[in-house]
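# Reading the structure
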Amino acid sequence: MPDQSSSFRAVILAGERPGGSPISHAFNVSASVMVPVAGKPALARVMQAIEDSQHSSGGIICGPSADVVAASGDLESLLQSPQFEWLAPASGPAASALSALEKLGHFPALLTAGDHALLTGEIVDDFCSRVLSTNPGVDTDRPARARPVGDPGYDLVIGFVPYALVKAAWPQSRRTVLKFSNGQFCGSNLFAILTPEGRKALDFWRQAEADRKHPWRIARRFGLMALLLYIFRLLSLEDALRGLSKAAGCRIGHVKVEFARAAVDVDSVEDQNLAEQILSSQE
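Not measured: the values here are computed from a predicted model.

Attention shifts here to the overall build of the chain. From N to C terminus, the chain includes twelve helices and ten strands. Of all 283 residues assigned to the chain, the portion counted as buried reaches 50%. By sequence separation, contacts in the chain at least 24 residues apart represent 77% of the contacts at least 6 residues apart. Of the roughly 13600 Å² of accessible surface on the chain, 53% is carried by carbon and sulfur atoms.

Rendered as structure tokens:
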């Protein structure tokens, strides 16, 4: 086991759209995180991955809302786990993450999604190990103050999956791809919030959510030049994160997640079918 100072606690975002989502309706379940994947709800698989990890243990499940939970005996039963505490969701994913981190009161924290059904303890440990290797001085008791000048560490680290891995594994799968001058990447739904300052990035995300119907407001936050460089694929991932760090007011880094399945979450019927295929071939 890692020493206690570097042990992660988890925040699992499990909110549900008002009235349900297309995938929850398709599978006739109360919430998207309860969609079955190889016989187990997606959320149960995420919880198991956290518990199987050597670098993380328990935490908070934020969402679904109390009325959604009450409507599903299976979900109520799942949330009885002594390792996790349920918390009502806030107005959106970023606000929910901030609320959960305040309730958790622990750093470093691992943030992931309740529909990340292909997550495993191995993936969690690999991600956490890579994060800690970039931040050897992670301190769970760090007060909420600015880092000293010259401190090379990050406040928040994002996991990215090289798209080449995903394409090689499932050439026909449609994934959201971020295209930079030095590579193409998919998200992994894995975030490490290492210090209290890292919450600034989540607050920036919350503000961006509020501006989602006004794309140019979001563009202004990053700067027109950065936007043009990205459009013409002249912006590196590192430069993009430096710009994001400046806009958010904290230090944001990244690590590569070398597991193609980490790029797949179950938020559509198509992805549920893919997840079933992956598990049937690998488990």
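Grouped together as the largest cluster of nonpolar side chains are 55 residues, with contacts concentrated most on F8, I12, L43, I61, F127, V131 and V166. Sort the elements by how many residues they give to this core and helix α2 (residues 42-52) lands first, with seven residues. Excluding its chain neighbours within four sequence positions, the residues that come into contact with F127 are L110, V157, I158, G159, L190, F191, A192, V255 and V257. With 30 residues, the next largest nonpolar core counts V11, L101, L235 and L244 among its residues.

The predicted model of the chain averages 89 in pLDDT, with 87% of residues at 70 or higher. Scored below 50 in pLDDT, residues 1-6 makes nine contacts in the model with residues more than four places away or belonging to other chains. Here residues 140-151 is a poorly scored stretch, pLDDT under 50, and it has 27 contacts once near neighbours within four places are set aside; other chains count.

What follows covers unusual backbone geometry. Glycine aside, the phi torsion of most residues is negative, and most peptide linkages are trans. The omega torsion across G63 and P64 is -10 degrees, close enough to zero to call that bond cis. Position of P64 among the secondary structure elements: in the loop between β4 (56-62) and α3 (66-70). Residue P108 is bonded to the preceding F107 through a cis peptide linkage, with omega at 5 degrees. Relative to the assigned elements, P108 resides in the loop between α5 (93-104) and β6 (109-113). With a phi angle near 50 degrees, A38 is a residue other than glycine that sits in the positive phi range. Note on placement: A38 falls in the loop between β2 (36-37) and β3 (40-41). Overall, the relative accessible area of 35% leaves A38 in the partly exposed class. The phi angle at N189 is positive, at roughly 55 degrees, despite the residue not being glycine.

How each quantity is defined
Residues numbered from 1 in each chain as written. Predicted model: local features only at pLDDT ≥ 70, side-chain atom pairs only at ≥ 80, totals over all residues. Heavy atoms only, no water. Helix = DSSP H or I, 4+ residues; strand = E, 2+ residues; numbered from the N terminus. Buried < 20%, exposed > 50% of the residue type's maximum accessible area, 1.4 Å probe, protein only. Contact = heavy atoms within 4.5 Å. Areas by Shrake-Rupley, 256 points an atom, 1.4 Å probe, with all protein chains shown as cover. Core = buried A, V, L, I, M, F, W, Y, C linked by side-chain atoms within 4.5 Å. pLDDT = per-residue confidence, 0-100.

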